[in-house]
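Next come the chains, spelled out residue by residue.
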Amino acid sequence: MSIMSSRNSFSLLFYINRSKQKKNGQFPLMLRITLGGRSVAISLKRSIEADIWNPSSGLAKGKSHEATGINQFIDAIRVRTYDKHNELLTRYDEVTAELLRDALLNVNTSKGKTLVQIWEEHNRELKETLKENSPLANWKRYCTGLGYMKEFLLKHCKAEDILIKMVDRNFVLKFQHFLKVEKLNNHNQVMKYSQNLKKLTKMAQLNGWLTHDPFATITLTVKEVSRPYLTELELKAIIEQKIDKEPIARVRDMFVFSCFTGLAHADVRKLKRSELELNPNGKQWIRIARKKTKVRAHIPVLAVVDQIIQKYVNDSSNSDSPILPTYTNQNTNRYLKVIARNAGIEKNLSFHIARHTFATTVTLMNGVPIESVSKMLGHKNIQSTQHYAKIVDEKVGADMELLAMRLESKMNW
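Since we're looking at a predicted model, the values are computed, not measured.

J.: Sorry, what's going on with helix H10 (residues 303-312) here?
T.: Since the α-helix packs 3.6 residues into each turn, any two residues three or four apart lie on the same face. Inspection of H10 places Val 305, Ile 308, Ile 309 and Tyr 312 among the buried residues, and these make up the whole buried set. The buried side chains of H10 occupy one side of the element, clustering within an arc of 100° when seen end-on. Opposite the buried face of H10, at more than 90 degrees from it, the exposed residues are Ala 303, Gln 307, Gln 310 and Lys 311. Close packing links the buried residues of H10 with helix H8 (246-259) and strand E7 (276-278).

See the structure below:
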């Protein structure tokens, strides 16, 4: 029996393998799948006596219990194969006999590399480099992406893993849709996970496990995101706010510390006394390797920062002790919402806004060169810092528009 599709000619043939008679005199029942001019054979793990097999119909003859059972089994396999073929047609640009066979058996019969296998191997190797030069956040993103992929495969491919050669453009687009619509990731998050998958497929191509590029016609563009920051008045309102509850007061100090150092939450939490150094002029500096990028940041300690340090550090603290008492990022951001509300700040205050505030309000808007700001932020390259320079340019532009309006009113231009 055969069917025709717009993409491939497709036929199934059930037969017995007469060259491999078993000890009980029966012959193995086989299925030949022909698709697009190529054929593959599958052993169905059942056997039948030759005298009740009808090669013309591809069914067992008669109405005996054995014949009826065999024919019901064949019908079930036929339906399952057609269903699997239709399912693959909706997911892949090209369906081959080998692809259908592997999907039908749900095993790697071609002994090729599988997607989850490659992803897991990559994550293990990446974890081994964490102590050297690979950011922890990068490894975590690959782990999260792998979790999403396993969930996608189970839900939409009805499999725990697939051959890497099954990953094509249509597969990538469906995975992106899953990330965005079902897992509610924003555009840039979808692009990041897609970039991780693209790296794996590139690796597969280089190793000869994949013969095509699934991303050849797919553009992975990250959108520019807004970088909220506090104005001088908003920052002053937080600094001068009277706070009675100690946990909230500590979070405020931690936040202000970041506003005047540019350190991220993870860096503030791990900052030790040994990372405070005096230069030959007696000025105190923070010298720390950023947790995210491993790039060393060199930051002069301003007066407000020194006051916070002195508030929490005493002579009995050892050099490996954290400088500040800190809370988890989740609890910190929860307390920051209270601080913002009490200060009359309507912005959705989170700890990362402190880093943005340091880059804009504290440094660039006060004339600190962008090269110096980049070094203090611990950026790998100045391009990362230029996002903040754009914000400053917008502020300068707005200020000049106000100046132009004032001049026009005064000069009657």
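J.: What exactly am I supposed to notice about the pairing of strand E3 (residues 27-35) here?
T.: A regular strand places its side chains so that they alternate between the two faces of the sheet. The buried count for E3 comes to seven of nine residues, which makes it a mostly enclosed element. In this structure, strand E2 (residues 9-16) lies alongside E3, joined through seven bridges in antiparallel fashion. Each residue of the ladder has a partner; that of Phe 14, found in E3, is Leu 31. Direction of pairing for E3 relative to strand E4 (residues 38-48): antiparallel, over a ladder of eight bridges. Pairing of Phe 27 across the sheet is with Ile 48, part of E4. Counting the residues between successive antiparallel strands, the hairpin from E3 to E4 contains two residues, one of them, Gly 36, with a positive phi of roughly 60°.

J.: Explain the packing of helix H12 (residues 352-363) against helix H13 (residues 370-377) to me, please; I cannot follow it from the model alone.
T.: Two packed helices can be described by the angle between their axes and the distance between those axes. Interhelical geometry of H12 versus H13 gives an angle of 155° and a closest axis separation of 11 Å. By the criterion of interaxial angle, the relationship of H12 to H13 is roughly antiparallel. In this structure, H12 crosses over H13, and the sense of that crossing is right-handed. Across the interface between the two elements, Arg 355, Phe 358, Ala 359 and Thr 363 of H12 pack against Val 373, Met 376 and Leu 377 of H13. Of the residues that constitute the contact of H12 with H13, the class distribution is five nonpolar, one polar and one charged.

J.: Got a minute to help me understand the packing of helix H4 (residues 136-157) against helix H6 (residues 187-206) in this structure?
T.: The N-to-C vectors of H4 and H6 enclose an angle of 90°; their axes lie 10 Å apart at closest approach. With respect to each other, H4 and H6 are oriented roughly perpendicular. In contact with Arg 141, Tyr 142, Thr 144, Gly 145, Tyr 148 and Met 149 of H4, H6 contributes Lys 192, Tyr 193, Asn 196, Leu 197 and Lys 199. Across the contact of H4 with H6, the residue classes tally to five nonpolar, three polar and three charged.

J.: Any chance you could explain the nonpolar core here in plain terms?
T.: Proteins that are soluble and globular tend to have nonpolar side chains buried together. Among the nonpolar cores identified, the biggest contains 64 residues, and Ile 33, Leu 115, Met 149 and Phe 171 are the most heavily contacted of them. Apart from residues lying up to four places away in sequence, Ile 33 is in contact with Phe 10, Ser 11, Leu 12, Arg 38, Ser 39, Val 40, Ile 42, Thr 81, Ala 97, Leu 100, Arg 101 and Leu 104. By size, the runner-up hydrophobic cluster in this structure holds 48 residues, among which are Cys 259, Leu 276, Ala 359 and Val 373.

What counts, and where the lines are drawn
- Residues numbered from 1 in each chain as written.
- Predicted model: local features only at pLDDT ≥ 70, side-chain atom pairs only at ≥ 80, totals over all residues.
- Heavy atoms only, no water.
- Buried < 20%, exposed > 50% of the residue type's maximum accessible area, 1.4 Å probe, protein only.
- Helix = DSSP H or I, 4+ residues; strand = E, 2+ residues; numbered from the N terminus.
- Arc of directions from axis to C-beta.
- Contact = heavy atoms within 4.5 Å.
- Pairing = 2+ DSSP bridges.
- Axes fitted to C-alpha atoms, helices over the stretch in contact; angles between N-to-C directions.
- Parallel < 35°, antiparallel > 145°, perpendicular 65-115°, else oblique.
- Left-handed = near helix turned anticlockwise from the far one by under 90°.
- Nonpolar A, V, L, I, M, F, W, Y, C, P; charged D, E, K, R; others polar.
- Core = buried A, V, L, I, M, F, W, Y, C linked by side-chain atoms within 4.5 Å.

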